[in-house]
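The residues making up each chain are set out below.
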There are 2 protein chains.
Amino acid sequence: MASAEPKTTSPASTRLRADARRNHEKLVEVAAAAFAEKGVETSLEDIARQAGVGIGTLYRHFPSREHLVEVVYRRELEGLASAATELARQHSPDMALEEWMRRFVGYIATKRGMANSLRILMTSNSSLFSEGSGLIRGALESLLKTAADEGCIRRDIETTDLLHALSSIYSMPESPEWRERSHRLIGLLMDGLRTRR
Amino acid sequence: MASAEPKTTSPASTRLRADARRNHEKLVEVAAAAFAEKGVETSLEDIARQAGVGIGTLYRHFPSREHLVEVVYRRELEGLASAATELARQHSPDMALEEWMRRFVGYIATKRGMANSLRILMTSNSSLFSEGSGLIRGALESLLKTAADEGCIRRDIETTDLLHALSSIYSMPESPEWRERSHRLIGLLMDGLRTRR
DNA sequence: AGTTTAAACGGAGGCGCCTCCGGTTATCCG
DNA sequence: CGGATAACCGGAGGCGCCTCCGTTTAAACT
């Protein structure tokens, strides 16, 4: 009925003026980079400056820091989910699964520092998290199903189990070897999943 | 051996200069009032001003807002615990118990708004909470025991049960009738506890 | 009492948060 | 195309955070 909605992030995009839309997008983009690099405590004035807008503009688009964090967070989650279909197209089912898990871990890594902000966000807006985890679950589920259908991996593993195994990474202690550790864990999981030929 | 340690709050009070000690005490006092009245987000500069010291002095004594919150929190907890013995001396055992529970509820009430700050504090310094709840537990236990020994209340109630019942107040929804509600709950508990004569 | 000195004070200053409102501009309509 | 106007922009300003360092002062010693 309505015209296509190509952008994933912007559910009921209420006819924004062209400049407003431009600024909004630029802000999210810059914020995503800034949060990733310096954590969610980065100066919002810096973000506004880098985006080439005034601080007032930032605050009109995102009434509070948490709002901005939420939008960035959701955008990345959606990116991660849509990467699943993309990977499935370009790789063999098991490779797609493995690569996706790697990215998932990388994504989690960037979120470790901001536990507090996320917790605040979580208590005040739990729908975001349920939707978000739904997206992730769906992505993983479809990768898993495809791989199983092709005979690459065993069938008797539930999405929930694997998700749980991956989430355990989140509670691993912070350390320099964190990255290797998590990659080893993924390797281990994949070895367990793959069917012996 | 060493000279008496009358003040409860100041474990290893490392020989502070007289002015320093004065300022420290005044700050805690003022902060307690300010937090109670306006929540933990109150301006620290206001607190310093009301205490008649410079902001620099406040920050030397309490490196961060959380430090100050913690000291105030602990002080109030200790006050609550020591109120138990005081009440026991002035009232009949069951009255002492009832009045103490009222105060406990009042104390909790002031802490409701600052859930976030307390959570941060909790994750970074869990010893405070275990010690704190130990104090409270001890106070309640002794009141309960005295009352039971005097035959005012039944013996078959565990401290933990009662504590749990009281804690449930914390999760009651915020509302105007909150206070009456909690008092009714205490009345109910006391009725259940008291032995029929 | 006078001297010394390390501990303590305090506030200026730089930064970030957030609000408010006068100025700008995209968009609509004749 | 030009004018009207509602939507949007931007940054000054007020406030609070926290640090840094020159000044003050308690207290130890002579």
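Residues numbered from 1 in each chain as written. Chains lettered and ligands numbered in written order. Predicted model: local features only at pLDDT ≥ 70, side-chain atom pairs only at ≥ 80, totals over all residues.

Draft legend 1. Fine view of the overall build of chain A. Each helix and strand counted, chain A has nine helices and zero strands in total. The N-to-C order of helical and strand elements in chain A reads α-α-α-α-α-α-α-α-α. When the 197 residues of chain A are sorted by exposure, 20% land in the buried category. Across chain A, contacts joining residues at least 24 apart in sequence account for 67% of those joining residues at least 6 apart. (Helix = DSSP H or I, 4+ residues; strand = E, 2+ residues; numbered from the N terminus. Buried ≥ 20, exposed ≤ 12 C-beta atoms within 10 Å, placed from the backbone. Contact = placed C-beta atoms within 7 Å.)

Draft legend 2. Looking closely at the protein's contact with DNA strand D. The local shell around DNA strand D holds 22 residues, among which Val53(A), Gly54(A), Gly56(A), Ala18(B) and Tyr59(B) are the closest. Residue assignment for the surface near DNA strand D shows that the elements contributing at least two residues are helix H1 (18-38) and helix H3 (55-61) of chain A together with helix H1 (18-38), helix H2 (44-51) and helix H3 (55-61) of chain B. Its residues placed into classes, the surface near DNA strand D shows eight nonpolar, seven polar and seven charged. (Near = placed C-beta within 6 Å. Nonpolar A, V, L, I, M, F, W, Y, C, P; charged D, E, K, R; others polar.)

Draft legend 3. Examining the protein's contact with DNA strand C more closely. Close to DNA strand C lie 22 residues; Ala18(A), Asn23(B), Val53(B), Gly54(B) and Gly56(B) are nearest. If one sorts the elements of the surface near DNA strand C by residue count, H3(B) sits on top with four residues. Taken together, the residues of the surface near DNA strand C break down into eight nonpolar, seven polar and seven charged.

Draft legend 4. The nonpolar core, seen in detail. Judged by nonpolar contacts, the single largest core of 34 residues is most densely connected at Leu27(A), Ala31(A), Ile47(A) and Leu143(A). When contributions to this core are tallied by element, the ones reaching two or more residues are H1, helix H2 (44-51), helix H4 (65-90), helix H5 (93-111) and helix H7 (126-149) of chain A. Of all the elements, H4(A) adds the most residues to this core, at eight residues. Summarising the domain contributions, this core has at least three residues from each of domain 1 (17-63) and domain 2 (65-193) of chain A. Here Leu27(A) is in contact with Ile47(A), Ala51(A), Val53(A), Leu58(A) and His61(A), once residues within four sequence places are set aside. Val30(B), Met101(B), Phe104(B) and Ile153(B) belong to the second largest nonpolar core, which has 33 residues in total. (Core = buried A, V, L, I, M, F, W, Y, C linked by C-beta atoms within 7 Å. Domains from an automatic or database assignment.)

Draft legend 5. Structural context of the environment of Asp19(A). All names here are of chain A. Locating Asp-19 in the fold gives a position in helix H1. The exposure class assigned to Asp-19 is exposed, which follows from the 10 C-beta atoms found within 10 Å. It is 47 Å that separates the C-alpha atoms of Asp-19 and Gly-187, two residues lying 168 residues apart in sequence.

Draft legend 6. Inspection of the packing of H5(A) against helix H9 (residues 178-193) of chain A at higher detail. All names here are of chain A. Remark: H5 packs on H9, axes separated minimally by 10 Å, with the N-to-C direction vectors making an angle of 150°. Taken together, the axis directions place H5 and H9 in an arrangement best described as roughly antiparallel. Crossing of H5 against H9: the hand is right-handed. Between H5 and H9, the residues in contact are Glu-98, Met-101, Arg-102 and Val-105 and Ser-182, His-183, Ile-186 and Met-190, respectively. For the contact of H5 with H9, the class distribution of residues is four nonpolar, two polar and two charged. (Axes fitted to C-alpha atoms, helices over the stretch in contact; angles between N-to-C directions. Parallel < 35°, antiparallel > 145°, perpendicular 65-115°, else oblique. Left-handed = near helix turned anticlockwise from the far one by under 90°.)

Draft legend 7. Expanded view of the environment of Gln90(A). As for its placement among the helices and strands, Gln90(A) is situated in helix H4. Of the residues examined, Gln90(A) has 9 C-beta atoms within 10 Å and is grouped as exposed.

Draft legend 8. Examining the domain arrangement of chain A more closely. Residue and element names in this part refer to chain A. Here chain A is described as being made up of domain 1 (17-63) and domain 2 (65-193). Taking the mean C-alpha position of each, domain 1 and domain 2 sit 26 Å from one another. Between domain 1 and domain 2, the contact holds 10 residues from the first and 12 residues from the second. For the side of domain 1 that touches domain 2, the leading source of residues is H1, giving five residues.

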